[in-house]
Amino acid sequence: MPVRALVVDPSAPESVRLAEVPDPVPGLGQVLVDVSHASLNYGDLNDARSGRLPVGAVLGSDAAGVVVRAAADGTGPAVGTRVVALTSGAFAERVAIDTGALAEVPKSLDLAQAVALPVAGVAALRSLRAAGLGPEKRVLVTGASGGVGRFAVQLAARAGAHVIASVGSTARGEGLLEAGADEVLIGLEGLERPVDMVIDSVGGPQLVAAWNLLAPGGSVQSVGWTSGEPAVFPPYATVGPAKSLTSFVIEGDAGTDLAVLTELVAEGSVTVEIGWQGSWERFAEAAEALRGRRVPGKAVLHVSRDEPHAPALPPQD
């Protein structure tokens, strides 16, 4: 039977609507997951409007739920296991997911919290790793009140770095000192000492300013561009002691990093901030709030069903 999903539709509000799509058929190394929660990222909003995804394609990357059919090749979790995954087409009632793209969710961790981790948590973890995170490093996190930013602040602080959190307003900075930031700034006002690494999700003029603050040998990891503004570097801005500006994208299976992140959250070493939570039928509301920067942390969608879903049928010989 068909399942419901959030699909790309340029004629709909936020270019997304609920529609029916075919029930997925898992491949050899995939499990079938009944999705109960999804989380919304800026990248999803861009994908819906950019034309990168065809009309009718299922949106989303972050999903959490319960395995209803194990992988035919014997890999991955058993039926009944609660999992979180980073996978394409995540915004559906049922999704076929590669076993390497998911992690089991600890019993003490709510799925609504776990689903906030895939894109934002993995991006924060991997970008910090790529930038050379270590004790005593000076780390600047721009857009620090957002999903990636809040995780980056916590992970950098946990590693012993000096963390500078940059936000757009005083209200957006609430809770960041408690999360581990040593300094919370509005924009980059008052920041004069060089930094060793920048995790930037804002782009535009702030990216240029962050580049100018980078110490020799330092690294800017460009993980997003929420400003939507161009970054114009003045002449000779890139001439001088070696430092790097690196584009960032999540590549390869995320299961191992998701397992690390879920354990950190379960043990209380990292916290999840959920700034918006509601039914996926309110997608347009969630998207508008996220785009308007009114969501501290993550926006979590509850995947609701009009009626009980039919049980998964065993694979045919």
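Figured I'd write up the structure that's included with this text. (Residues numbered from 1 in each chain as written. Predicted model: local features only at pLDDT ≥ 70, side-chain atom pairs only at ≥ 80, totals over all residues. Heavy atoms only, no water.)

Helix and strand counts for the chain stand at eight helices and 15 strands. Taken over C-alpha atoms, the radius of gyration comes to 20 Å for the chain, in line with the 20 Å a tight globule of 317 residues would show. The principal-axis extents of the C-alpha atoms in the chain amount to approximately 65 × 40 × 35 Å. When each of the 317 residues of the chain is scored for burial, the buried share is 51%. Counting only contacts in the chain whose residues sit at least 6 apart along the sequence, the fraction spanning at least 24 positions is 68%. Taking the 23 positively charged and 35 negatively charged side chains of the chain as two groups, their mean positions are separated by 2 Å. (Helix = DSSP H or I, 4+ residues; strand = E, 2+ residues; numbered from the N terminus. Rg over C-alpha atoms; globule rule 2.2 N^0.38 Å. Buried < 20%, exposed > 50% of the residue type's maximum accessible area, 1.4 Å probe, protein only. Contact = heavy atoms within 4.5 Å. Lys, Arg positive; Asp, Glu negative; His and termini not counted. Charge placed at Lys NZ, Arg CZ, Asp CG, Glu CD.)

Moving on to helix H4 (residues 147-158). Relative to the 16 Å expected for 12 residues at 1.5 Å per residue, H4 spans 17 Å between its end C-alpha atoms, a close match to the ideal helical length. In terms of burial, H4 is a largely internal element, 10 of the 12 residues being buried. (Expected span 1.5 Å × (residues − 1).)

Take the sheet that holds strand S13 (residues 244-247) next. Strand order in this open sheet of six strands is S10-S9-S8-S11-S12-S13, and the pairing throughout is parallel. Each of the sheet's edge strands pairs with one partner strand only, and the pair in question is strand S10 (183-186) and S13. Pairs of neighbouring strands in the sheet enclose a mean axial angle of 20°, with direction left out of account. Pairing of strand S9 (residues 162-167) with S10 involves four bridges; the strand directions are parallel. From the neighbouring strand, Ala165 faces S10, where its bridge partner is Val184. (Pairing = 2+ DSSP bridges. Axes fitted to C-alpha atoms, helices over the stretch in contact; angles between N-to-C directions.)

The full count for this structure, using the stated rule, is one aromatic pair. Above the plane of the ring of Trp211 lies Lys243, whose end atom (NZ or CZ) is 4.7 Å from the centre. (Phe/Tyr/Trp six-rings, centres within 6.5 Å; stacked < 30°, edge-to-face > 60°. Lys NZ or Arg CZ within 6 Å of the ring centre and 35° of its normal.)

Counted according to the given criterion, the structure contains 14 salt bridges. Here Asp257 makes a salt bridge to Arg126, at a shortest N to O gap of 2.7 Å. With a gap of 131 residues between them, Asp257 in helix H7 (residues 255-266) and Arg126 in helix H3 (residues 118-131) connect regions that are remote in the sequence. Accessibility assignment for this pair places Asp257 and Arg126 in one class, buried. Through salt bridges with shared partners, a single ionic network connects Arg4, Glu93 and Glu281. (Salt bridge = Lys/Arg side-chain N within 4 Å of Asp/Glu carboxyl O.)

Moving on, we get to unusual backbone geometry. Of note in the backbone geometry, Ser15 takes a positive phi value of approximately 65° without being a glycine. Inspection of the secondary structure puts Ser15 in the loop between strand S1 (3-8) and strand S2 (16-21). Among the residues examined, Ser15 registers a relative accessible area of 11% and is labelled buried. With a phi close to 70°, Tyr236 is a non-glycine residue in the positive phi region. Along the polypeptide, Tyr236 turns up in the loop between strand S12 (214-222) and S13. Residue classification places Tyr236 among the exposed residues on the basis of a relative accessible area of 68%.

The next subject is helix H1 (residues 42-50). Those residues of H1 not exposed but buried are Asp44, Leu45 and Ala48. Projected onto a plane normal to the axis of H1, the buried residues spread over an arc of 100° and lie on a single side. Buried residues in H1 make contact with S1, S2, strand S3 (30-40) and helix H8 (283-291). Gly51 occupies a position one or two residues after H1 and carries a positive phi of about 90°. (Arc of directions from axis to C-beta.)

Interaxial distance between H3 and H7 falls to 10 Å at its minimum, and their mutual angle equals 100°. Between H3 and H7, the crossing angle belongs to the class labelled roughly perpendicular. In contact with Pro118, Gly121, Val122, Leu125, Arg126 and Arg129 of H3, H7 contributes Asp257, Leu258 and Leu261. A class-by-class count of the residues in the contact of H3 with H7 yields five nonpolar, one polar and three charged. (Parallel < 35°, antiparallel > 145°, perpendicular 65-115°, else oblique. Nonpolar A, V, L, I, M, F, W, Y, C, P; charged D, E, K, R; others polar.)

Moving on: the pairing of strand S15 (residues 298-302). Counting buried positions along S15 gives four out of five residues, so the element sits mostly inside the fold. The sheet contact formed by S3 and S15 spans four bridges and is antiparallel. Each residue of the ladder has a partner; that of His37, found in S15, is His302. Crossover connection from strand S14 (residues 274-279) via H8 to parallel S15: handedness right-handed. (Right-handed = clockwise from strand over helix to strand, strands pointing away.)

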